[in-house]
Amino acid sequence: MSELFLTVLNMSLTASYVILFVMLVRLLLKKAPKVISYVLWGVVAFRLIIPFSFESMFSLIPRNANAVPIPHDIIYQQTPQINSRIEAVDPFVSQSLPAPTAGASANPFQIYVEIGAYIWVFGIIALLVYSLVSILILKRQLKSAQLIEKNIFQVHNLQTPFVLGLVRPKIYLPVGLSKEEQNYILIHEQTHIHRKDHIIKIIAFLIVSIHWFNPLVWIAFVLMSTDMELSCDERVLKVMDEDIKKPYANTLLSLATGRHILNGSPLAFGEGNVKGRIKNVLNYRKPRFWIIFFSIIIVAAVAIGLAANPKSSASFNGSSYRVKEILYDAPMYSFSYTLDTVPQYSISSDYKLYSKEITDKDWIMHGGLYPCEISRQELSALFHSPSDNVREAINKTKLIYRADKKDDDIKTFYLVMQLKDGDVLFALGYDNDETRHIRWLFRLEKISDFNGEAADINSTDIRWDAAADVPQPVRDYAVDYMRKQIEYYNSLGYNITDAKITAMTRMNTGTASLTKVIEMWLLEYRLLPENANKVALAGGMRMEDGWLTEWSSAGQPYLLLLCELNGAEESWQRICVTYTDMITQDYGTPEMLEEYGNEFTAAAMELYKKTLKSAPSARFLPYIHEKKN
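Just so you know, these numbers come straight off a predicted model, no measurement behind them. (Residues numbered from 1 in each chain as written. Predicted model: local features only at pLDDT ≥ 70, side-chain atom pairs only at ≥ 80, totals over all residues. Heavy atoms only, no water.)

Student: So what's going on with the overall build of the protein? Which residues, and what values?
Tutor: Secondary structure summary: the protein contains 16 helices and 22 strands in total. Counting over 629 residues, the protein shows a buried share of 50%. Across the protein, contacts joining residues at least 24 apart in sequence account for 61% of those joining residues at least 6 apart. As displayed, the protein has an accessible area near 32,600 Å², and 57% of this comes from carbon and sulfur atoms. (Helix = DSSP H or I, 4+ residues; strand = E, 2+ residues; numbered from the N terminus. Buried < 20%, exposed > 50% of the residue type's maximum accessible area, 1.4 Å probe, protein only. Contact = heavy atoms within 4.5 Å. Areas by Shrake-Rupley, 256 points an atom, 1.4 Å probe, with all protein chains shown as cover.)

In structure tokens form, the structure reads like this:
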């Protein structure tokens with residue numbers, strides 16, 4: 001029951017954002033027919049009862065938000081933490097969660113969750129019982145109801161009209177209504193029946209009963225009921241096709257003066273927000289076609305955007321990690337790691353796997369990661385007596401990459417696994433025929449990116465002093481280019497001790513299309529040699545305050561990349577590096593300018609074509625690898 005309770009909590013947290021968004025859109029649709037706002041509440045219901053959804057790049061859910069902020073294994077964690085990915089929330093909430101006490105017979109947090117689950121169930125039962133009692137009392141009042149025609153009844157001791165029943169709903173009217181008032185009310189109630197509002201309201205009340213602890217869900221229920229009534233009122237005004245605003249408003253006012261049925265009943269149509277309904281009736285004007293048209297487009301787009309989860313990033317490269325949790329330690333070994341002694345791990349931008357023991361200064365490279373096709377059953381078989389946490393992690397696996405240690409008799413291999421919730425796991429195992437198994441399984445936590453803000457795996461730091469909005473693949477390309485420059489200058493004996501990227505400028509190549517764009521970026525950087533006096537300047541090289549500039553004999557470097565939209569993902573591909581003089585001399589000719597308009601467009605297109613022809617399988621490789629599901 002605890003897992004079910006946590007699932008409901010996660011749905012309620014996600015739905016809270018959706019409710020707030022719908023409330024905002026509802027304000028923007030003031031002039032639109034209220035039935036359009038009414039329909040939009042359906043996406044709130046979807047989020048409150050369906051624990052999963054599809055992913056889309058058009059999702060309106062924040063991209064840094066987690067669809068499962070409260071992990072189901074939180075009650076078993078050594079340090080309970082939520083993972084909403086909202087930096088201002090996660091640390092504050094996680095610190096307030098009680099951690100297991102050494103030697104205690106039970107985890108206190110597990111007990112709290114269990115108690116919360118029982119309180120939640122009790123609240124559901126209380127609401128359902130209260131609603132059932134209100135219906136029974138209502139039915140007692142209806143014993144004296146008199147049949148008028150078909151499914152229409154009159155009741156002497158009732159002053160609020162409503163619909164009752166599921167399969168064969170009946171309309172109950174107060175006694176004493178004039179013929180004109182009766183027509184208004186019948187159109188209103190028949191609209192409810194035609195749209196199945198009497199069923200929708202019951203379903204909505206059941207959803208509220210499940211999420212009774214969330215005040216935003218109650219607000220959504222009230223607003224949904226209001227939109228339901230307002231849309232039916234507008235239907236009456238439209239069907240009558242004459243100016244009946246004042247008499248209809250007077251009818252609503254007279255009905256509002258009577259005693260209402262119990263508020264706890266999900267069948268209480270028309271008993272709330274009478275003032276708002278009267279105001280809406282008096283101000284009603286038949287909406288213009290363009291208002292309806294654009295309102296429908298907006299609601300459709302918002303509904304799809306709120307129903308979809310943000311596309312989870314498939315890229316975990318270009319980052320360094322520490323071990324957050326030891327999920328598995330093979331039982332046949334005597335040596336064990338603790339969180340204080342486990343190594344750190346790094347995955348470079350080109351998918352090279354590195355590790356560093358806590359006592360070491362240098363990183364060790366273990367090989368290149370490549371997509372690994374392995375079923376969940378095969379993966380599970382590599383563990384000896386896996387715990388529930390391990391099984392749950394395996395079931396959530398989305399992407400698996402593998403690296404193999406070379407010249408190793410026991411055939412050590414490494415797995416980097418990305419879960420559906422964005423978490424990254426690391427496994428070390430042995431692929432020997434006699435001992436094919438997983439030795440360790442760690443849950444990793446990102447601590448930095450290789451963007452100049454963190455220590456790099458090589459000896460020279462490359463600091464990022466350029467704009468922060470440069471795409472990560474472009475950053476990585478710039479860093480890799482600088483590494484080669486550092487290696488070159490170090491081979492000349494200059495011993496580069498510091499490096500920084502000072503600017504990245506995107507050039508306008510005019511090569512964008514709906515599915516791809518060729519991007520050209522001007523790279524500006526500085527290199528600090530150990531002794532500037534020993535540097536022999538040649539080929540356009542310059543020194544500024546002891547720093548070598550990016551100028552070479554061919555001018556400044558320009559990085560050329562292709563960004564391709566593959567469905568909901570961006571796939572970046574490196575084309576080549578070119579230089580100022582090459583662009584001016586080779587692509588600034590009159591012929592090129594006449595064909596392309598400017599030298600940057602000419603360089604981008606011609607170099608793109610040449611790279612494809614000269615090395616289609618070697619140099620022009622996808623920069624972000626994706627596993628096809």
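Structure shown, so let's carry the discussion forward.
Student: Can you tell me about the confidence of the model for the protein, naming the residues and giving the values?
Tutor: Any segment with low pLDDT has predicted coordinates that should not be analysed in fine detail. In the predicted model, the protein carries a mean pLDDT of 78, and the fraction of residues at 70 or more is 79%. Strand β14 (residues 424-430) holds the highest mean pLDDT among the elements of the protein, 92, whereas helix α3 (residues 90-96) holds the lowest, 53. Contacts of residues 615-629 to residues separated by more than four positions or lying in other chains number 41 contacts, the stretch itself having pLDDT below 50. (pLDDT = per-residue confidence, 0-100.)

Student: Please give an account of the pattern of salt bridges that cites residues and values.
Tutor: Tallying each qualifying case throughout the model produces 18 salt bridges. One salt bridge in this structure joins aspartate 423 and arginine 443, with 3.1 Å as the shortest N-O distance. Here arginine 443 lies in strand β15 (residues 437-449) and aspartate 423 lies in the loop between β13 (412-419) and β14, a separation of 20 residues in the sequence. Exposure class is identical for aspartate 423 and arginine 443. Each is buried. Residue aspartate 465 is joined to arginine 463 by a salt bridge in which the shortest nitrogen-to-oxygen separation is 3.5 Å. The exposure class assigned to aspartate 465 is partly exposed, which follows from its relative accessible area of 42%. The network of salt bridges with common partners includes Arg402, Asp404, Asp431 and Arg436. (Salt bridge = Lys/Arg side-chain N within 4 Å of Asp/Glu carboxyl O.)

Student: Give a description of the packing of helix α1 (residues 2-28) against helix α2 (residues 34-49) that names residues and reports values.
Tutor: Viewed as axis vectors pointing N to C, α1 and α2 meet at an angle of 170°, and their least axial separation amounts to 8 Å. Put simply, α1 runs roughly antiparallel to α2. Each of Met11, Ser12, Thr14, Ala15, Val18, Ile19, Val22, Met23, Val25 and Arg26 in α1 lies in contact with α2, whose residues at this interface are Ser37, Leu40, Trp41, Val43, Val44, Arg47, Leu48 and Ile49. Its residues placed into classes, the contact of α1 with α2 shows 13 nonpolar, three polar and two charged. (Axes fitted to C-alpha atoms, helices over the stretch in contact; angles between N-to-C directions. Parallel < 35°, antiparallel > 145°, perpendicular 65-115°, else oblique. Nonpolar A, V, L, I, M, F, W, Y, C, P; charged D, E, K, R; others polar.)

Student: Residue-level account of a nonpolar patch on the surface, with values.
Tutor: Among the surface-exposed residues, Phe289, Trp290, Phe293, Phe294, Ile297 and Ile298 lie close enough to one another that they form a single nonpolar patch of about 670 Å² accessible area. Tracing the backbone through its elements, the reader meets phenylalanine 289 in helix α10 (residues 289-307). Under the relative-accessibility criterion, phenylalanine 289 is labelled exposed at 65%. (Patch = residues over 30% accessible without salt bridge, like charges linked within 9 Å, V, L, I, M, F, W, Y side chains within 5 Å.)

Student: So what's going on with the sheet that holds strand β4 (residues 162-164)? Residues and values would help.
Tutor: Read from one edge to the other, the open sheet built from four strands follows the order β2-β3-β5-β4, with strand pairing classed as mixed. The sheet is open, and its two borders are formed by β2 (146-149) and β4, each paired with just one other strand. Within this sheet the neighbouring strands show an average axis-to-axis angle of 35°, counted without direction. Across the sheet, helix α5 (residues 179-194) touches β2, β3 (152-155), β4 and β5 (170-174), and the angle it forms with β5 is around 150°. (Pairing = 2+ DSSP bridges.)

Student: An account of the packing of helix α6 (residues 197-210) against helix α7 (residues 215-240) is requested, with residue identities and associated values reported.
Tutor: Contact geometry of α6 with α7 gives a least axis separation of 10 Å together with a crossing angle of 170°. One way to sum up the angle between α6 and α7 is to call them roughly antiparallel. Counting all contacts with α6, which are made through Asp197, Ile200, Lys201, Ala204, Phe205 and Val208, the residues of α7 involved are Val217, Trp218, Phe221, Met224, Ser225, Met228 and Cys232. When the residues that make up the contact of α6 with α7 are grouped by side-chain class, the tally is 10 nonpolar, one polar and two charged.

Student: Give me the lowdown on the pairing of strand β18 (residues 516-529), citing residues and values where you can.
Tutor: Across the 14 residues that make up β18, a large majority, 11, are buried. Looking at chain direction, strand β17 (residues 496-507) and β18 are connected through 10 bridges and run antiparallel. By the bridge assignment, arginine 506 is partnered in β18 with tryptophan 521.

Student: Help me get a handle on the packing of aromatic side chains, residues and values and all.
Tutor: What the rule picks out here adds up to 21 aromatic pairs. Seen from their ring centres, tyrosine 17 and phenylalanine 21 are 6.1 Å apart, and the 50° between their planes marks the pair as tilted. Note that tyrosine 17 and phenylalanine 21 are positioned in helix α1 at a spacing of four residues, about one turn of the helix. Accessibility expressed as a relative area gives 30% for tyrosine 17, which makes it partly exposed. A centroid spacing of 6.1 Å and a plane angle of 25° characterise the contact between tyrosine 489 and tyrosine 494, whose relative ring orientation is stacked. (Phe/Tyr/Trp six-rings, centres within 6.5 Å; stacked < 30°, edge-to-face > 60°.)

Student: I'd like to hear about helix α12 (residues 388-395), residue by residue, with values.
Tutor: By the burial criterion, the buried members of α12 are Asn389, Val390, Ala393 and Ile394. Buried residues of α12, viewed axially, fall in a sector of 135°; they line one side. (Arc of directions from axis to C-beta.)

Student: Could you give me a rundown of the environment of isoleucine 296, with the residues and numbers involved?
Tutor: Position of isoleucine 296 among the secondary structure elements: in helix α10. Between the C-alpha atoms of isoleucine 296 and leucine 40, which are 256 residues apart in sequence, the distance is 10.0 Å.

Student: Tell me about the environment of glycine 367, residues and numbers included.
Tutor: With respect to the element layout, glycine 367 can be found in strand β10 (residues 364-368). Separated by 35 residues in the primary sequence, glycine 367 and arginine 402 have C-alpha atoms spaced 9.2 Å apart. The residues touching glycine 367, leaving out its near neighbours within four places in the chain, are Tyr351, Lys352, Leu353 and Ala403.

Student: Give a detailed account of α7, specifying residues and quantitative values.
Tutor: Count 3.6 residues to each turn of an α-helix, and residues three or four apart come out pointing the same way. With 26 residues, α7 should reach 38 Å at 1.5 Å per residue; the first-to-last C-alpha distance of 38 Å fits that figure. Capping the start of α7 is the job of one residue whose side-chain oxygen sits 3.0 Å from the backbone nitrogen of leucine 216: asparagine 214. (Expected span 1.5 Å × (residues − 1). Polar contact = N/O pair within 3.5 Å; in protein donor to acceptor, adjacent residues only side chain to side chain.)

Student: Explain the environment of valine 239 to me, and be specific about the residues and the numbers.
Tutor: Mapped onto the secondary structure, valine 239 falls in helix α7. Distance from valine 239 to tyrosine 184, taken between C-alpha atoms, is 9.7 Å for residues 55 residues apart in sequence.

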